[in-house]
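# Overview (structure and organization)
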Amino acid sequence: MSTHPPTGQQPPQQGTLPATALRGVGQRPFGIYVHVPFCATRCGYCDFNTYTADELAGGGSFRGWLDALKAELELGARVLGEGDRAVPRAETVFVGGGTPSLLGGEGLGEVLDAVRASFGLAPNAEVTTEANPESTSPELFTALLGAGYTRVSLGMQSAAEHVLRVLDRKHTPGRAVAAAGEAMAAGFEHVSLDLIYGTPGESTDDLRGSLEAVLEAGVDHVSAYSLIVEDGTAMARRVRRGELPMPDEDVLAADYELVDGILSKAGFDWYEVSNWATGEAARCAHNIGYWRGGDWWGAGPGAHSHVGGVRWWNLKYPSRYAAALGEGTSPAAGREVLDAEDRRVERVMLELRLREGLTTEVLDDAGVAEARRAVTDGLLRDDELRAGRCVLTDRGRLLADGVVRRLVG
């Protein structure tokens, strides 16, 4: 589905995928990701493909983006429903960004209607939208529930005012918890709060206070990510100038243990290294589809997709993305076809992060030998390895990336 196919092929004007990728479509988990590129302000740590009104400078609008999004979703349905093949219905939908809540209830309703019109929704589909606390209201959540959304993920980051200030977050410390309460009062059963730990200046007591606020909110899902200082961000420039320290690895490890300990004691179980839920129904099925190598169509500027071992990504700038679709061409900027070894390595990278772990059948002989050594080092569970699975220990979760490197050589 690329305008930059392998050498010797002509750029597909309407979007195509190899027959090998299309084989099995509809039999594997299938989801839709929608990327909303709009933000009211830019957070200093963020390197996502997002734009404020000033940065767009008239080069994009909600209506132009939505028209282009509809065109891409229709294109996707044609590509995946080629010939006699049935168009796969979306088992999960995830609207992310950016700040989807800036679109309001009516705008997000139109987004979901566009998915219904092109792919359709499977029975009991999980439909999630991200939201920033400062752009939500009881009326918004009521509208989202009525439109068919089943899950809300709120960007809380911290309950400490000075930490939010370092992150350039605009909401007040208590707003995320209040928004979660409004979502549940509107009727949402599944509400998630996202935390970032390791921000310069954040103390152990600050993090503990954020976790206590999460528990008081009564949500059923929590995501917690260590702060990563990405090149090209405002925060990276502040670190380079010596205004902020780089996050300390030992502090990040201690923070993770605190997060896991408090959440586990409160009845949350980890199901992926950075995600905890109160039960299986509360887990994010859309993200599980990523980690288990399912198919998904990513629609919107800069969105990434994967179908049957083919990965592609869209043009980033909204006006260029919309122009390509307006001309009837694919908005893809590039693609790669994963060979068998690529796919094997990806399975190790992604599935090892899950609570259920990874079958040893995916490993080569050297990888199995490394798995045994990882047990000796306290990184993988001995009982699970004897049963044919690689499952991280608590210590292994702290060093998950290193374990992956060992298992794939």
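Since we're looking at a predicted model, the values are computed, not measured.

The rules behind the values
- Residues numbered from 1 in each chain as written.
- Predicted model: local features only at pLDDT ≥ 70, side-chain atom pairs only at ≥ 80, totals over all residues.
- Heavy atoms only, no water.
- Helix = DSSP H or I, 4+ residues; strand = E, 2+ residues; numbered from the N terminus.
- Buried < 20%, exposed > 50% of the residue type's maximum accessible area, 1.4 Å probe, protein only.
- Contact = heavy atoms within 4.5 Å.
- Areas by Shrake-Rupley, 256 points an atom, 1.4 Å probe, with all protein chains shown as cover.
- Core = buried A, V, L, I, M, F, W, Y, C linked by side-chain atoms within 4.5 Å.
- Domains from an automatic or database assignment.
- Disulfide = S-S within 2.5 Å.
- Salt bridge = Lys/Arg side-chain N within 4 Å of Asp/Glu carboxyl O.
- pLDDT = per-residue confidence, 0-100.
- Pairing = 2+ DSSP bridges.

### What about the overall build of the protein?
Broken down by element type, the protein carries 17 helices and 14 strands. Over its C-alpha atoms, taken along the principal directions, the protein stretches across nearly 55 × 55 × 45 Å. Classification of the 409 residues of the protein by burial places 55% in the buried group. Across the protein, every contact between residues at least 6 apart in sequence was considered, and the portion connecting residues at least 24 apart equals 70%. Of the roughly 17800 Å² of accessible surface on the protein, 49% is carried by carbon and sulfur atoms.

### So, the environment of Gly97
As for its placement among the helices and strands, Gly97 is situated in strand 2 (residues 90-97). Classification of Gly97 by relative accessible area gives buried; the value is 9%. As for Gly97 and His35, which are separated by 62 residues in sequence, their C-alpha atoms are 5.2 Å apart. Ignoring sequence-local partners within four residues, the contact set of Gly97 consists of Tyr33, His35, Val36, Phe48, Thr50 and Glu130.

### Details of the nonpolar core
Counting 93 residues, the largest nonpolar core has Ile32, Leu80 and Tyr149 as the members making the most contacts within it. At 9 residues, the largest contribution of residues to this core is made by helix 3 (residues 62-80). A domain split of this core shows at least three residues from each of domain 1 (19-292) and domain 2 (340-408). Ignoring sequence-local partners within four residues, the contact set of Tyr149 consists of Val95, Leu108, Val111, Leu112, Val127, Thr128, Thr129, Leu144 and Phe188. The next biggest cluster of nonpolar side chains, apart from the first, holds 14 residues, and it includes Cys43, Val163, Val166 and Leu244.

### Points about the state of the cysteines
Going through the model one piece at a time under the given rule, you end up with 0 disulfides. Its sulfur unpaired, Cys39 is 6.3 Å from the next cysteine sulfur, which belongs to Cys46. Residue Cys39 is classed as buried on the basis of its relative accessible area of 15%. Cys46 sits in the buried class, given a relative accessible area of 17%.

### Quick word on the pattern of salt bridges
Pairing between side chains of opposite charge can happen when the charged atoms of each approach one another. Applying the stated criterion across every chain, the model contains 23 salt bridges. Arg175 is the salt-bridge partner of Glu182, the closest N and O atoms lying 2.9 Å from each other. For the residue pair Glu182 and Arg175, the accessibility class agrees, reading buried in each case. The closest approach of N and O atoms between Glu370 and Arg373, which form a salt bridge, is 3.2 Å. In this pair, Glu370 and Arg373 are both assigned in helix 14 (residues 365-376), 3 residues apart and thus about one turn of the helix distant. With a relative accessible area of 43%, Arg373 lands in the partly exposed category. Connected through salt bridges with shared partners, the residues Glu370, Arg373, Asp377 and Arg406 form a single ionic network.

### A few points about the confidence of the model for the protein
Residues at a pLDDT of 70 or more form 96% of the protein, whose mean pLDDT is 93. Note on residues 1-13: pLDDT under 50 across the span, and 31 contacts to partners over four residues away in sequence or across chains.

### Observations concerning the environment of Ala324
Mapped onto the fold, Ala324 is located in helix 12 (residues 318-326). Residue classification places Ala324 among the buried positions, given a relative accessible area of 8%. Taking the C-alpha atoms as reference, Ala324 lies 9.9 Å from Glu72; in sequence the two are 252 residues apart. Among residues more than four places away in sequence, those in contact with Ala324 are Leu315, Thr329, Ser330 and Pro331.

### Focus on the pairing of strand 9 (residues 295-299)
As a general feature of sheets, a regular strand has side chains that alternate between the two faces. Strand 9 sits mainly inside the fold: 5 of its 5 residues count as buried. Going residue by residue along strand 9, you find Asp295, Trp297 and Ala299 tucked away on one face and Trp296 and Gly298 tucked away on the opposite face as well. As judged from the 5 bridges shared by strand 1 (residues 30-36) and strand 9, these two strands associate in the parallel manner. The partner of Ile32 across the bridge, within strand 9, is Trp297.

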